[in-house]
Amino acid sequence: MIVNLASTFSVVVAIALLINDADCLSVRVTNKQTSMSTSAYGQSTLLSSSCPVAIILNKNARSVTQDLVPIAQRILGSDAVFTTTTAEEAREAARQLIQRNVSLVVPVGGDGTLSSLVNYMVKQVRSDNQNLTMEQAMQTLPVVGYIPMGTGNGVGSVAGCRAPPPDSLKRPTLWKRLFRRKKLQQERFTNVLEMLRTVGQDLDRGLDYDSIIANVDQVELPMMELTTQSNRTHGDLCFFAGVGFDSLLLQDFKDLKAWSVRNKILPQLFGSVAGYCVALVSRTLPKCVRRNAHRVQVTIVSNDPETLWVDHRRGDVVQPLRDALVYNGTAGIVAAGTSPFYGGGLRLFPFARLSPSKMHLRLGRIHPLLGFINIPGIFSGSYRDLGDDTFQCLDFLGDDFEITVQPEQLSLQRTNSERTSGYPLQHSGESVGLCNSFRLKVVHTPIRFVTFLKKRVVQDYVI
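Everything numeric in this text was worked out from a predicted model, so none of it was measured.

Looking only at helices and strands, the protein chain features 15 helices and 21 strands. In the protein chain, the proportion of contacts linking residues at least 24 apart, taken out of those at least 6 apart, comes to 76%. Element-wise, carbon and sulfur atoms account for 51% of the exposed surface of the protein chain, whose accessible area totals about 21000 Å².

Take the side chain of Glu225 next. Inspection of the secondary structure assignment puts Glu225 in strand 8 (residues 218-228). Among the polar contacts made by the side chain of Glu225, one reaches the main-chain amide nitrogen of Gly235 at a distance of 3.2 Å. If we ignore the near neighbours within four places in the chain, the residues touching Glu225 are Met134, Thr233, His234, Gly235, Asp236, Leu237, Arg439, Leu440, Lys441 and Val443.

In this section: the pairing of strand 16 (residues 359-364). Counting buried positions over the six residues of strand 16 gives six, a clear majority of the element. Neither face of strand 16 is open: one carries Met359, Leu361 and Leu363, the other His360, Arg362 and Gly364, and all of them are buried. As judged from the five bridges shared by strand 15 (residues 333-337) and strand 16, these two strands associate in the antiparallel manner. By the bridge assignment, Gly337 is partnered in strand 16 with His360. Across six bridges, strand 16 lies against strand 17 (residues 393-398) in antiparallel orientation. Paired with Met359 across the bridge in strand 17 is Gly398.

A word on the environment of Ile75. Mapped onto the secondary structure, Ile75 falls in helix 2 (residues 68-76). Taking the C-alpha atoms as reference, Ile75 lies 8.1 Å from Thr190; in sequence the two are 115 residues apart. Filtering out sequence-adjacent residues up to four positions away, Ile75 remains in contact with Thr190, Leu193, Glu194 and Arg197.

Let us look at unusual backbone geometry. What is expected of a backbone is that most residues other than glycine have negative phi and most peptide bonds are trans. In this structure, Lys264 takes a positive phi of about 55 degrees despite not being glycine. Relative to the helices and strands, Lys264 resides in the loop between helix 11 (245-263) and helix 12 (267-270). Even without glycine at this site, Asp316 takes up a positive phi of about 65 degrees. Here Asp316 lies in the loop between strand 12 (308-311) and strand 13 (317-320).

It is worth spelling out the packing of helix 2 against helix 9 (residues 181-204) at this point. At their nearest, the axes of helix 2 and helix 9 sit 10 Å apart, and the two run at 25 degrees to each other. The angle between the axes of helix 2 and helix 9 places the two elements in the roughly parallel class. With respect to the hand of their crossing, helix 2 and helix 9 are arranged in right-handed fashion. Residues Leu68, Ile71, Ala72, Arg74, Ile75 and Leu76 of helix 2 lie in contact with helix 9, whose contacting residues are Gln185, Gln186, Phe189, Thr190, Leu193, Glu194 and Arg197. Split into classes, the residues belonging to the contact of helix 2 with helix 9 amount to seven nonpolar, three polar and three charged.

This model, assessed by the stated rule, comprises four aromatic pairs. Relative to Phe449, the ring of Phe239 has its centre 6.5 Å away and its plane inclined at 50 degrees; by these criteria the two rings are tilted. Here Phe239 is found in the loop between strand 9 (231-238) and strand 10 (240-244), whereas its partner Phe449 is found in strand 21 (residues 437-450), with 210 residues between them in sequence. Judged by its relative accessible area of 0%, Phe449 falls in the buried class. A ring pair is formed by Tyr342 and Phe349, whose centres lie 5.5 Å apart and whose planes are at 70 degrees; its orientation type is edge-to-face. Under the relative-accessibility criterion, Phe349 is labelled buried at 0%. Clustering of aromatic rings is evident, with ring pairs tying together Phe240, Tyr342 and Phe349.

Moving on, we get to the nonpolar core. Leu97, Met138, Leu141 and Phe449 are the most contacted members of the largest nonpolar core, which totals 49 residues. The element that contributes the greatest number of residues to this core is helix 4 (residues 111-128), accounting for seven residues. Those residues within four positions of Phe449 in sequence are excluded, and the remaining contacts are Leu114, Val144, Tyr146, Ala159, Asp217, Gln218, Val219, Leu221 and Phe239. Counting residues in each nonpolar core, the second largest holds 38 residues, with Cys288, Leu363, Phe438 and Leu440 among its members.

Turning next to the confidence of the model for the protein chain. The share of residues in the protein chain with pLDDT of 70 or more is 77%, and the mean pLDDT across the chain is 79. Between residues 1-49, whose pLDDT stays under 50, and residues either more than four places distant or in other chains, the model counts 162 contacts. The low-confidence segment residues 410-419 (pLDDT under 50) makes 16 contacts with residues lying over four places distant or belonging to another chain.

Right, let's get into helix 4. Between its terminal C-alpha atoms helix 4 stretches 26 Å, which fits the 26 Å expected from 18 residues at 1.5 Å a residue. With 15 of 18 residues buried, helix 4 lies mostly within the body of the structure.

Attention shifts here to the sheet that holds strand 12. Across the sheet, eight strands lie side by side as 13-12-17-16-15-10-19-20; this open sheet has antiparallel pairing. The two strands at the open ends of the sheet, each matched to only one other strand, are strand 13 and strand 20 (430-435). On average, adjacent strands in this sheet sit at an angle of 25 degrees to one another, irrespective of strand direction. Sheet topology places strand 12 next to strand 13; four bridges connect them, and they run antiparallel. If you follow Val310 over to strand 13, its bridge partner there is Val318.

Scoring rules and cut-offs
- Residues numbered from 1 in each chain as written.
- Predicted model: local features only at pLDDT ≥ 70, side-chain atom pairs only at ≥ 80, totals over all residues.
- Heavy atoms only, no water.
- Helix = DSSP H or I, 4+ residues; strand = E, 2+ residues; numbered from the N terminus.
- Contact = heavy atoms within 4.5 Å.
- Areas by Shrake-Rupley, 256 points an atom, 1.4 Å probe, with all protein chains shown as cover.
- Polar contact = N/O pair within 3.5 Å; in protein donor to acceptor, adjacent residues only side chain to side chain.
- Buried < 20%, exposed > 50% of the residue type's maximum accessible area, 1.4 Å probe, protein only.
- Pairing = 2+ DSSP bridges.
- Axes fitted to C-alpha atoms, helices over the stretch in contact; angles between N-to-C directions.
- Parallel < 35°, antiparallel > 145°, perpendicular 65-115°, else oblique.
- Left-handed = near helix turned anticlockwise from the far one by under 90°.
- Nonpolar A, V, L, I, M, F, W, Y, C, P; charged D, E, K, R; others polar.
- Phe/Tyr/Trp six-rings, centres within 6.5 Å; stacked < 30°, edge-to-face > 60°.
- Core = buried A, V, L, I, M, F, W, Y, C linked by side-chain atoms within 4.5 Å.
- pLDDT = per-residue confidence, 0-100.
- Expected span 1.5 Å × (residues − 1).

Here's what the structure looks like:
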C-alpha cells in the first residue's frame, strides 16, 4: 500500500481489510438436468434447464454466513446455489457455471472472491477451446452481479450491487442498526438478489443486453493480466497488483500462517487479522527498519506508445511519455490497478477510471514522516506531490508495463534456512510468491457488472 512506515497501523488495517476474505472456495451443489446448446464459438455447452442465475457464496468472506444459503435457495433454487470454502472445488464450481451457460453469476464475498471466480471461469473456457485468446474467452463470460460482503471490498466500491432498498430499509431504526444487524443484512441481501434474478431472467429470455442496461445501471471494468518470469503464457487476471511494503507484509503473513499450521500453534489466531499484526511486528517491521527491506530497485518499461504521465505540479495535467523507459531507481511501492480502490477505503489509484482502457500505475517514493502527515489525503486519493523536483509520487496511465524488481539489499533473507532471490508479489490481496520480473497488461474486454445505482440526472425541475 503506502511506503510509509510511520503510518503502519493504517497500512495494516487496510491490508487486513483487503485480504481477510482469502479466496479459497469449495462447492456444494446437486445434480440437475441440462440440455445441450452451442456457444458463440461453436462449442457444445451444457445449458441449465431452470434458473439462469447462479450464486457463489464464499463462506470464508467476512460477512457471508450460513443464514444466507436458505435465502439464496428460496430465491434462485437450490441447484443454483454454490457454497465455497476451498480452491480445488471452486474450479469445479466455475466449470459447472460455464457448462450451464448461465446468463448472470452472483459472487458474494470480497474482491479476491470475484477475481478468483473470473480466473477459474476464463481458464475453463480456454481449456474447452484452446484456440481462444484471453479477450475472446472473456467475451463468453456471463454478466456479473457482485454482492460485496468481504472486508476490504475495493472493487465492490466501484462495481458492487447497491440496489435501492425498499421503504422498510431506507431508514432503519437505531435499534435495528445496533442489535439487529444480522437481520438487516439478510433483508438487504434478499432485496438485491431478487432484483438480480429479474435481470437474469430478462437475459435468459433473449432480451438484448443494451436494452436491459437502459433501465438498469451497469459498469464495465477491465482487468489486468499478470504474468511473471515463471508463467509468461497464461497469467492471472486481477484488478490490482504490486510490490513493496504491502506485498512484503503479505508474504510474511503467509509464512507465519504456514508455520502455525505446520506446528499446530494457534492456527486460527495467526490466520486472522491478528496474524497480520503479529507478522508486521515480528517480521516485516524489523526487516524494514534494519535493512530497508520494503525498498526495491525497479526498472519499468512501457509497451504502450500512448502512456501518459500525470503531472501533479500542473494540476494533474497528463503528459505523453517520449520514451519507453518509465522509471529506473528505488521505490517503496510499485502498484497498479484498473479500479480506484485497494480495499478498506484506500483510494490508491485515483486515476484508474479516467481512461476506460488503461490502468493507473503508481510509484511511491514518499518519506515516512511526510506520509504520516498526509495519511487522510493518501487514503482519500487526494494527496499530490506538488514539489517542482521531488517526484515523491509518480502516476502513469498505460495498458502494458514490464517491471523488473530486486530488493535494495541485493539478497532478501526471509529465514536462516530459506534464502531465495526475488521479491514478494501480490495481486487481489493475496501473496503469489517471489519474482524478479512481471508484466501487467490490460485485457480490453471488460467484465460487465450490474450495479443498480440510479441513473445520471438529465433534467431536474426542483428548485
